[in-house]
Structure formats: structure tokens, C-alpha cells
Amino acid sequence: MSESKSNHPLVHLFNTFFGKHWPVWVGGIVLGMLNTILFAIKSPWGASGGVANVGDNIYSVFGLFGNKEVVPINENNYGMLVILIVLGSFAGALFSKEFALRIPPKGEMIKGFLGGALMAIGATVGIGCSIGSFFSGVPALSGGALVFTFAMFAGVILSLKYLIWEMENRPGWSSGKSFTYLAVTPDKGRWQVILGVVVVVLIAIMSYSYAATNMVMAWFILISGLMGLISQRSRFCIVKAFRDPFMSGEAHGSEGVIAGLVVSLVGFTAIKVFGLGSISELSLRAREMTWVFPHFWAKAAAGGFIFGLGMTIAGGCAVGTLWRVGEGQIKLWFSALGLILISPLSNTFIVPAVDSVLPQTMKFRNYLPDYLGYDGAFLLVLGLILLWYWFVKWNERTGKFSAF
Amino acid sequence: MEIKMTIDCKGLSCPMPMMKVAKAMKELKTGDALEMFGTDPGTKTDLPNWCTKTGNEFVEMTDLEGGITRMVVKKA
């Protein structure tokens, strides 16, 4: 990590942000606030929809999937969000001199692609990923998001057991030749900081270019860039939050995600109760149902489980994959490739098959306040989050459920 | 300090370096030192945190050329 020894106040400020990693709970709180702002502007944070949009655009360039209407990436808020998370993370990695092209052993790249492919299937079947159906879906008071979360948790545990088995019995799969390019040491490589400035200026120009015609996009670009940078600096990752208590027993990743969830829960509930934001375009009911997807319960269960399997094998959730792409982790480039290439295929072939089998009672929109009122739904979700916090802290102290 | 075991985690990303370190530490005795070479920036935070939690001693961390970091941990 980069840390200049000058005493100039600006250098001190720069070192505060980029000299070392941020505590993940700081990242979680800021991401929760930015997520609330995104919702106030239009709709909450999500990743899988944008990933599928990028995939659709790639396939349409090659004329695949017939005459399907594809929204260009530069006109799709979430397609741009995906690109900007990567760019923001790229800037954060450059400022901290952590950027490098890290090429892992072959087996890791294969696991990256397979993990990405599983995440793509899980996200398309479950209508959402670790962000849309968990980090945003749970604060949106969606019953389906709770099912998705429990199923994702089950997928993570099973997948972690596989990884431990693989390490014990097939160590060669994660060993072999690796290469690192463009890396610098903390006292050298000023070019990374300069390139970081160029990337930030480009993001600002990109945002400004939309200001006159599409203010929502202009804000999405700025906030997504910030989210990428913050995720990289705090190493915010959903898979870490679910996996680490059962692997190393550590709770830092969980604390960060929990902090973000609580902030978003308060912000989202206020937006929904008062119908804040783009209410002129939508009815209050439509505002309430934002990010409450028609996946309760079987679609959420199937999708969440498959997504949990995939993100653990890949070593990065949806956002964890994207910001590690910006940091130069080639394994996660393969995960992103799996996500991008398999999402449109799954939407075309797997999702219709699943939908034709499941009755309507297994794929409807479950909005918790409809059953429990706003106070009951809020307290239920907050109670579950606090229960999780209690569990990870107790487990961190006792090591009862940690593998190592 | 005598290094008892060295593991190569270069090119690996989260969670593989931490898994390999934890597995290697199981094979060491109290007071033995483990040396690890890695390239994942996350390990620079994860390994000291894990040592704090487990009571193992995080001895040193050195940035080398080529984006490689050398870390040494002593088993408690």
C-alpha cells in the first residue's frame, strides 16, 4: 500500500484514504448511505441486471439471440453501474498502488469461470444477486430477499466444505505457475497515482456528459464510481461476510455488511413509508414494491442457493468480483466473464424452464409490511440482522463453528 | 529467526492464501515460524487480523519487487 512520508495536509489526507485499507464497517456504512441515495434518485443498488445487460450487448454484437431488443450499455443505468464499479475500484487500486495484473494458476482461473457461471444462473433464476436480492433486497423489506439470503448462506457453507476438501485432497488444483505484471512497491510507481487521477477525471467527464439530458444517469455514474472505490479500499465483499465466520472465524467482513444493511434498512424504510424520490412517475404502491421481486419463495431459494455456491468458488460475490476486476485479479476476470456470458444464456434457456415448472404461489412478490405492518417488518429484519451480529461475534470469540 | 516452513501463495486471491496458511499452521509446533509469499492485497489485512484472533504472532510483513509480499507468522 502507498503511504508518502510528507507532512503536507493534502498528503496526509491522501494517506488517510489510500495509505492503508479502511475498516470494512466504514465501507459498509458509506455504501449503505450511497445505496439509500441511489434509491432516492431512482432505485437501489443491484449488479446482476447490469451484468446481464453487458452480456446481452456482447451477444447482440455477434448477432446472437435473434431480434431481441437490447438496451445499449450507455443508456442502461445498471449496465453503466457495472462498468463504473470496475473503474472506481481501478482508481482506488491505482491511488493505493495496489493495482497489478495477477495471473493465478490455471485451476484457479477455471474455478473463477465456473463460479461466475453459477452466480449467473443463480442471479437470473433468483431474480437478483448478493446485492439486489440481499444487500438491497433485505432492507427493501422483501420476504423473497430473506429466503434468497438463507438459501445463499446454505450454498456458501456447502461450497466452503468443497473448497476445504479440495485443499486437503487436490492441492494441485490451486497450485502452479503464476505471474504478476505492472506491480509497484510503495516507494516507487508514481505512474499508478497519476493514472488514478486520469481515471477519476474520466469518470467526472462521463458523468457531466449526461448532466444535460439524463441527470439520473449522471448521478448513477458518480455514485457507482464511488462505490467501486470504497469497496476496493474497504475490501467489502458479501461472500467474505458469510464465509469467514465458518472458515477463519473472523467477523470483520460480517460487521461491514451488517453496518451497511442497518443503514440501508433505515433509509429504505423512510423512502418507502413516505414515498420519497421519483414519486411523480410512480404510485406510492410501486415505490413500496421497489426491489421486491416476484421470487417468493422457491425461485429465491433455488437462485440463492446456486448463487451462494458460485460466489464461494469464485472467491467474490457480484460486487466483490467487479471491484477485484478493477484491482487486476485475473481469476475474477474469469468470474466476471462467466457472469457476463452465462447470464443471457440462462435468461434465454434456464429461467423459462424453471418458470414453467413453478406455480405462481412459489414465485410471487412478498412485501413484509403487507403482513406485519411497517413496524413489524422493520423489527423482524432488524432482529435478524442483530441475531446474525450476535452469532458472528460469539463465534469469533469461541470458534465453535470455524474450520481453522 | 529460523523459518520452519515456506508456502507460495503468489497469484492466489481470497480465500486461498488464508486457507493455505491455516492448513500449514496446523502442521507446525508452538514457536515454529511460517513464511508466506503472496500477491493478494487482502491478505495484508486478513493475516494480521487472523493472528490477533488466534493468538499466533504476526512477526513481519515486507513488500518485495514484483508485487510480492513476504509475511512471517509464529505459531503460538
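All of the points below concern the structure found in this document. (Residues numbered from 1 in each chain as written. Chains lettered and ligands numbered in written order. Predicted model: local features only at pLDDT ≥ 70, side-chain atom pairs only at ≥ 80, totals over all residues. Heavy atoms only, no water.)

A closer look at the interface of chain A and chain B
Contacts between chain A and chain B engage 40 residues on the former and 28 residues on the latter. Of all residues in chain A, A:Met167, A:Glu250 and A:Phe404 give up the largest surface area on contact with chain B, accounting jointly for 20% of the area buried on that side. Between chain A and chain B we count three salt bridges in total. With a shortest N-O distance of 3.0 Å, B:Asp46 and A:Lys240 are connected by a salt bridge. Put simply, chain A and chain B have nine residue pairs in polar contact (both at pLDDT 80 or more) between them. At the level of elements, strand 1 (101-103), helix 5 (106-126), helix 7 (143-169), helix 10 (238-247), helix 14 (318-327) and helix 15 (330-357) of chain A are the ones that each hand at least two residues to the side of chain A that touches chain B. (Contact = heavy atoms within 4.5 Å. Buried area = accessible area lost by both parts, 1.4 Å probe. Salt bridge = Lys/Arg side-chain N within 4 Å of Asp/Glu carboxyl O. Polar contact = N/O pair within 3.5 Å; in protein donor to acceptor, adjacent residues only side chain to side chain. Helix = DSSP H or I, 4+ residues; strand = E, 2+ residues; numbered from the N terminus.)

Description of the sheet that holds strand 4 (residues 69-74) of chain B
All names here are of chain B. The four strands are arranged 1-2-4-3 in an open sheet whose pairing can be described as mixed. Strands at the two margins of the open sheet, each flanked by one partner only, are strand 1 (3-9) and strand 3 (57-63). Looking at each pair of strands side by side, their axes are set apart by 15 degrees on average, direction ignored. With six bridges connecting them, strand 3 and strand 4 associate as antiparallel partners. Within the sheet, the bridge partner assigned to Asp63 lies in strand 4 and is Thr69. (Pairing = 2+ DSSP bridges. Axes fitted to C-alpha atoms, helices over the stretch in contact; angles between N-to-C directions.)

Some thoughts on the pattern of salt bridges
The tally for this structure, following the rule as stated, stands at 19 salt bridges over all chains. A salt bridge links B:Glu65 to A:Lys188, with the nearest nitrogen and oxygen atoms 3.1 Å apart. Separated into two different chains, B:Glu65 in the loop between strand 3 and strand 4 and A:Lys188 in the loop between strand 2 (179-181) and helix 8 (190-211) make up a pair that spans both. For A:Lys188, a relative accessible area of 45% gives the class partly exposed. (Buried < 20%, exposed > 50% of the residue type's maximum accessible area, 1.4 Å probe, protein only.)

Quick look at the nonpolar core
All names here are of chain A. Counting 99 residues, the largest nonpolar core has Trp45, Phe134 and Ile238 as the members making the most contacts within it. Sort the elements by how many residues they give to this core and helix 7 lands first, with nine residues. Leu84, Val193, Val199 and Tyr210 belong to the second-largest nonpolar core, a separate cluster that totals 16 residues. (Core = buried A, V, L, I, M, F, W, Y, C linked by side-chain atoms within 4.5 Å.)

A closer look at the side chain of A:Ser231
Residues and elements named next belong to chain A. Relative to the helices and strands, Ser231 resides in helix 9 (residues 215-234). Within the structure, Ser231 has its side chain in polar contact with the backbone oxygen of Met227 (distance 2.7 Å). The contacts of Ser231, once residues within four sequence positions are left out, are Leu31, Trp45, Phe236, Val319 and Trp323.

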